[in-house]
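Survey of secondary and tertiary structure
Below are the chains, spelled out letter by letter.
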Amino acid sequence: MALQTRRVTREDMAQRVARFADLTGFDGGLPDSEHPSARRTLYNVVGFQPPDTQDKATTSPVGDNAARHAAIKISEGFNLGYCRAKPGCGPMMHNHDTNETFIPMTGLWRCSWEVDGKVEAFDLGPHDVVSFPAGVQRRFENVTFDEPDAEHLLMFVISGNAPQAEFSPEAMAELRDMGLIAK
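An account of the accompanying structure is given in this report. Sequence positions are assigned chain by chain, starting from 1 and proceeding in written order. Reporting of local features is limited, given that this is a predicted model, to residues whose pLDDT is at least 70; pairs of side-chain atoms are given and counted only at 80 or more, and all residues count toward the totals for whole chains, interfaces and linings. In computing side-chain properties, one takes all heavy atoms of the structure into account and sets aside hydrogens as well as water.

Joining through side-chain atoms within 4.5 Å is the link that ties buried Ala, Val, Leu, Ile, Met, Phe, Trp, Tyr and Cys residues into a set, and such a set is a nonpolar core. Three exposure classes are used, based on accessible area relative to the maximum for each residue type with a 1.4 Å probe and protein chains only: buried under 20%, partly exposed in between, and exposed over 50%. Cys-83, Phe-102, Cys-111, Phe-132, Phe-140 and Phe-156 are the most contacted members of the largest nonpolar core, which has 29 residues in total. Counting only elements with at least two residues in this core, the list comes to helix H2 (63-67), strand E3 (78-85), strand E6 (109-115), strand E8 (130-132), strand E10 (152-159) and helix H3 (169-177). Sequence-distant contacts of Phe-132, that is, excluding residues within four places in its chain, are made with Asn-99, Glu-100, Phe-102, Cys-111, Ser-112, Trp-113 and Arg-138. Counting 11 residues, the second largest nonpolar core, distinct from the first, contains Leu-23, Ile-72, Ile-74 and Leu-153. Counting from the N terminus, the helices are the DSSP runs of H or I reaching at least four residues and the strands are the DSSP runs of E reaching at least two. We call two residues contacting when some pair of their heavy atoms lies within 4.5 Å.

Structure representation (structure tokens):
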């Protein structure tokens, strides 16, 4: 059986090219966006559409703002983005309804998950890869502490056409206690 081939013009293909220098980053639209340790800039490169939900804990993985501004607007079974953050910063513990894979591009990143009431982690350098299955509470954090003022970049790939993220009950409670989201 031969795979189907398609004719794609240069103009058509140009709609599927994203130059990093031209990407717009967003730092809001997620429940933890205002938490001091969660400050980061998210770049929606491929996909990521806003989910159909009114639940404050359930969002697009890149937040409402970035979800509306994909550089490459396709729905082909995966989504790709970047996170830029200073040391000590990254999202709070959260979960996805699909797989999520992290690939640090620069710096050192701690990729953590919860299991049996405790947090486990791997520290990853440039081009290392970790892939979390659906349903695992996870987070990532820039731990390049020897460069305190430098922002570093992490790529993430999330499967599905409209994946959802949900912050852990503990993260949501902390955000409510700090007055960052409504009680």
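Structure's up, so let's keep going.
Turning our eyes to something else, we now look at empty space enclosed by the protein. Grid points spaced at 1 Å and placed over the protein atoms alone form the basis of the search, with a cavity being a set where a 1.4 Å probe fits but cannot get out and a pocket an open set showing protein on both sides within 12 Å along at least five of seven lines. Lining residues have an atom within 4 Å of a point. Grid points are joined across faces, edges and corners, and a volume is the space filled by probe spheres set on the points. Under the defined criterion, the tally for this structure stands at two cavities of 30 Å³ or more. The space that makes up the largest cavity amounts to roughly 100 Å³. Lining the largest cavity are 14 residues, with Arg-40, Pro-61, Pro-91, His-94 and Phe-140 sitting closest to its centre. Counting only elements with at least two residues in the lining of the largest cavity, the list comes to strand E4 (94-96), E10 and strand E11 (165-167). Of the residues belonging to the lining of the largest cavity, the class tally is nine nonpolar, three polar and two charged. Along the walls of the second largest cavity sit Phe-26, Asp-27, Gly-28, Leu-30, Ser-33, Ala-38, Arg-40 and Leu-42, which together make up its complete lining. Per-class residue counts for the lining of the second largest cavity are four nonpolar, two polar and two charged. Three categories are distinguished: nonpolar for Ala, Val, Leu, Ile, Met, Phe, Trp, Tyr, Cys and Pro, charged for Asp, Glu, Lys and Arg, and polar for the others, with Gly belonging to the last.

As a further point, take the side chain of Ser-168. In this fold, Ser-168 is placed in the loop between E11 and H3. We call two N or O atoms a polar contact when they sit within 3.5 Å, provided that within protein one can donate a hydrogen and the other can accept it, with sequence-adjacent residues counted only if both atoms are side-chain atoms. Of the polar contacts made by the side chain of Ser-168, one reaches the backbone nitrogen of Ala-171; its length is 3.0 Å. Once residues within four sequence positions are removed from consideration, Ser-168 is found in contact with Met-93, His-94 and Gln-137.

We now examine the pairing of strand E5 (residues 100-104). The buried fraction of E5 amounts to five of the five residues, a majority that puts the element mostly inside the structure. Both faces of E5 are covered, namely the face carrying Glu-100, Phe-102 and Pro-104 and the face carrying Thr-101 and Ile-103. Across three bridges, the pairing between E5 and E8 is antiparallel. When the sheet's bridge partners are listed, Thr-101 is paired in E8 with Ser-131. DSSP calls a pair of strands paired once it identifies at least 2 bridges connecting them. Looking at chain direction, E5 and E10 are connected through five bridges and run antiparallel. Bridging across to E10, Phe-102 finds its partner in Phe-156.

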